[in-house]
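# Summary of structural features
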Amino acid sequence: MNAVRYVKKAKKGNKEALLQLILAEKDDYYRLALTYMGNSHDAMDAMEDMIVRLYENIGQLKKEEAFYSWSRTILANSCKALLRKRQKLVPLDDAAMNGKLTEDLALALPSDPYRHSDQQMDIRQMLLHLNEQQQEAIQLKYWHDLDYQTIADMMGVPIGTVKSRIFQGLKKMRELYGGETDG
Amino acid sequence: MDNIEKRLTEENRRLNTIAAPEELEARLRSALEGAAPARTKRISVVWRAAAAAILLIVIFGYNYNAFAFYGKKLLGFDELISSTLQELNDQGMGQLVDRKATLSDGTELTINGIMTDANQLILYYTLTNPRGIDDWSDPPFKPSRITGFLTNSHLESGVSQPNEGQTEVKGTITFEPVSPFAKKLTLHYFELGENNQLIDQTLSFAYDPNQAMQTEVKQSIGKKAQVDKGTINFQSITATPTMTMIEGSLNVDNFDRLPGALDGIELIANGVPVERTGSGHGSSIGGRKFDLRYNPLPKPLKSLELVMKEFAGYQQLDQRLPLASAGEEPFTWEGKELWVKKVTITSQGVEITIATEEDVLLDGVSIETQGKTISLRTTVGQIETKLEDGTILKERTLLFDSQAKPEYLRIKGMHYMKEYNVVIDIPVD
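- Chain B carries the name DUF4179 domain-containing protein in an unreviewed UniProt entry, which gives Paenibacillus woosongensis as its organism.

- Chain A appears in an unreviewed UniProt entry as Sigma-70 family RNA polymerase sigma factor from Paenibacillus woosongensis.
- UniProt annotates chain A under Sequence similarities (unreviewed entry) with the comment "Belongs to the sigma-70 factor family. ECF subfamily."

What follows is the structure, encoded as structure tokens:
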């Protein structure tokens with residue numbers, strides 16, 4: 001697919017072209033949204049939000065080639081906005097402070113794809129001990145194979161900050177969990 | 001890479017197996033429909049008429065060959081293909097492709113033709129090399145997928161067979177179904193280069209979706225079956241001339257504890273079981289997706305039902321077995337037997353060798369020794385033995401971290417293949 005041509009069409013207001021651009025990479029977008037939101041339903045909500053934002057703002061996109069990194073950033077922002085909205089309703093933070101409760105919460109998510117995997121549960125719990133920015137930077141780098149520049153764009157910080165967040169986050173996890181394999 | 005990084009990358013691999021749900025496209029489309037236009041502009045009537053005319057040209061131009069239907073028969077595959085495919089081939093249900101490429105070792109690859117329907121694409125190919133094909137079961141031709149407009153179909157299975165002199169190999173490969181909008185398909189394959197490097201190659205050919213075989217039955221089932229540890233949701237049936245596919249999802253906690261849990265599901269057409277040709281499952285959002293594949297349905301079709309004879313079940317046991325009396329006699333519950341064959345204490349700890357039927361997996365196992373409870377560390381050395389009456393027994397050794405003689409073996413429950421006999425009627429018109 002010639003992405004630049006589709007982006008140009010989308011800029012002229014062609015909804016189908018925009019949709020095709022997203023669908024071409026839909027699995028990647030979906031996994032990204034899923035990482036932020038934790039379940040399928042919210043991930044799709046965030047993607048709906050994203051596509052509307054993209055449509056309304058695509059006129060501002062200067063470089064057509066940058067569509068994918070630009071749209072990823074918008075998706076991340078949509079996810080964060082939805083999470084903030086939700087946090088106002090349910091004080092998840094308090095629950096997350098308690099390790100046991102978090103586990104129950106993760107198990108209770110009806111569409112959690114990882115229910116059967118203990119190891120996955122561990123790595124998620126390990127990530128919970130980091131601050132939000134460290135978590136996000138590590139997930140973007142290791143789970144979504146994004147480069148430092150893209151992560152910096154998505155998080156709206158300089159590249160050095162991203163590197164330091166990843167470094168500090170990994171360091172903390174190593175301190176907490178050392179070299180053990182089993183949780 | 002250290003341990004933490006390794007586990008993060010493992011997670012990446014797991015995440016990469018997740019695909020976006022089917023309904024995503026529809027949801028994005030309707031979200032977009034509601035979106036306020038970025039800018040509004042009046043479009044003059046002339047332009048609208050012109051656009052309509054262009055649209056008509058595009059639609060009809062694109063589909064002009066809908067009027068030229070021609071079936072083709074593929075020759076030379078008689079020994080290779082099943083009787084079903086044979087019949088379809090005799091009826092000229094294939095499309096001739098006849099495209100050639102030369103592999104790096106000089107072998108000539110010919111795509112002879114394809115046969116498609118809503119369940120699969122079957123590709124017929126020939127490899128020829130007058131100097132002989134050294135290892136015909138592992139030729140330098142390794143197909144991987146077929147791409148095209150809205151199409152990315154992965155390989156599912158394949159069979160091949162050499163001629164007497166091993167100078168020619170004929171084979172068929174099945175792929176996931178291709179889009180009815182594709183007009184050109186590209187076969188991606190690897191060939192073995194120097195130093196056993198795999199080289200990515202492609203071969204494109206024209207495709208006529210109008211020649212795809214018609215689907216005979218396609219309807220949703222939408223029935224749920226409760227099992228001990230969750231639910232199974234039978235979603236749809238798609239019957240085409242080449243196969244019948246049942247798709248669904250399941251959310252059953254102990255599904256993967258027992259191998260072949262799906263094998264106990266039969267498709268009965270006109271009162272006779274339809275032969276199973278395969279099954280598959282993969283994790284996805286909202287549980288696990290599965291498919292069951294059967295032979296094509298008989299004609300005329302009078303009745304159709306899915307029968308779940310057995311499936312993974314769970315039985316709470318809370319048993320406390322005295323090991324002192326263990327020996328020749330098995331412990332029995334729910335018609336399942338457990339033999340304790342040997343209890344020894346080695347430098348490894350306490351080793352208890354037990355045997356059960358093939359489909360029994362114990363849950364929550366521990367030993368009690370001098371009032372202390374020690375949980376199972378691991379299970380080793382599983383072997384299968386066949387009894388005279390044909391029953392297959394699964395023998396394995398349970399390992400516990402203890403040096404004291406155990407008094408009791410405690411078992412919380414067991415996973416086993418349980419009879420459910422759930423019958424789901426699928427109405428046929």
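### Digging into the overall build of chain A
- A tally of regular secondary structure across chain A gives 11 helices and zero strands.
- Counting helices and strands in the order they occur from the N terminus, chain A gives α-α-α-α-α-α-α-α-α-α-α.
- Taking contacts inside chain A between residues at least 6 apart in sequence as the whole, the part at least 24 apart equals 59%.

### Quick look at a nonpolar patch on the surface
- Taken together, the side chains of B:Phe149, B:Leu150 and B:Phe181 define a hydrophobic patch exposed on the protein surface, amounting to about 350 Å² of accessible area.
- Looking at the secondary structure, you find B:Phe149 in the loop between β4 (141–148) and β5 (151–162).

### Comments concerning the pattern of salt bridges
Residue and element names in this part refer to chain B.
- As enumerated under the stated definition, the model contains 23 salt bridges over all chains in all.
- Asp228 is the salt-bridge partner of Lys418, the closest N and O atoms lying 3.1 Å from each other. Here Asp228 lies in the loop between β9 (217–227) and β10 (230–239) and Lys418 lies in strand β23 (residues 408–425), a separation of 190 residues in the sequence.
- Arg320 serves as the salt-bridge partner of Glu368, at 2.7 Å between the closest nitrogen and oxygen. Of this pair, Glu368 sits in strand β20 (residues 361–369) while Arg320 sits in strand β16 (residues 304–322), and the two are 48 residues apart along the sequence.
- We classify Arg320 as partly exposed; its relative accessible area is 44%.

### What about the environment of B:Ala206?
All names here are of chain B.
- Along the chain, Ala206 falls in strand β8 (residues 198–206).
- With a relative accessible area of 60%, Ala206 lands in the exposed category.
- Separated by 110 residues in sequence, Ala206 and Leu96 have C-alpha atoms that sit 9.6 Å apart.
- Excluding residues within four positions of it along the chain, Ala206 makes contact with Lys183 and Lys184.

### Quick word on the packing of aromatic side chains
- A full pass over the atoms with the stated rule returns seven aromatic pairs over all chains.
- Each residue in the set A:Tyr29, A:Phe67, A:Tyr68 and A:Trp70 is aromatic and connected to the rest through ring pairs, giving one cluster.
- Sitting over the ring of B:Tyr408, B:Arg320 keeps its end group 4.0 Å from the ring centre.

### Examining the sheet that holds strand β19 (residues 349–357) of chain B
Residue and element names in this part refer to chain B.
- Across the sheet, 10 strands lie side by side as β13-β12-β16-β23-β20-β21-β22-β19-β18-β17; this open sheet has antiparallel pairing. Edge strands, defined here as strands with exactly one partner in the open sheet, are β13 (272–273) and β17 (331–333).
- With eight bridges joining them, strand β21 (residues 372–386) and strand β22 (residues 392–400) adopt antiparallel strand pairing. By the bridge assignment, Ile383 is partnered in β22 with Glu395.

Cut-offs and rules
Residues numbered from 1 in each chain as written. Chains lettered and ligands numbered in written order. Predicted model: local features only at pLDDT ≥ 70, side-chain atom pairs only at ≥ 80, totals over all residues. Heavy atoms only, no water. UniProt positions renumbered as here; feature names shortened; annotations may be inferred. Helix = DSSP H or I, 4+ residues; strand = E, 2+ residues; numbered from the N terminus. Contact = heavy atoms within 4.5 Å. Patch = residues over 30% accessible without salt bridge, like charges linked within 9 Å, V, L, I, M, F, W, Y side chains within 5 Å. Areas by Shrake-Rupley, 256 points an atom, 1.4 Å probe, with all protein chains shown as cover. Salt bridge = Lys/Arg side-chain N within 4 Å of Asp/Glu carboxyl O. Buried < 20%, exposed > 50% of the residue type's maximum accessible area, 1.4 Å probe, protein only. Phe/Tyr/Trp six-rings, centres within 6.5 Å; stacked < 30°, edge-to-face > 60°. Lys NZ or Arg CZ within 6 Å of the ring centre and 35° of its normal. Pairing = 2+ DSSP bridges.

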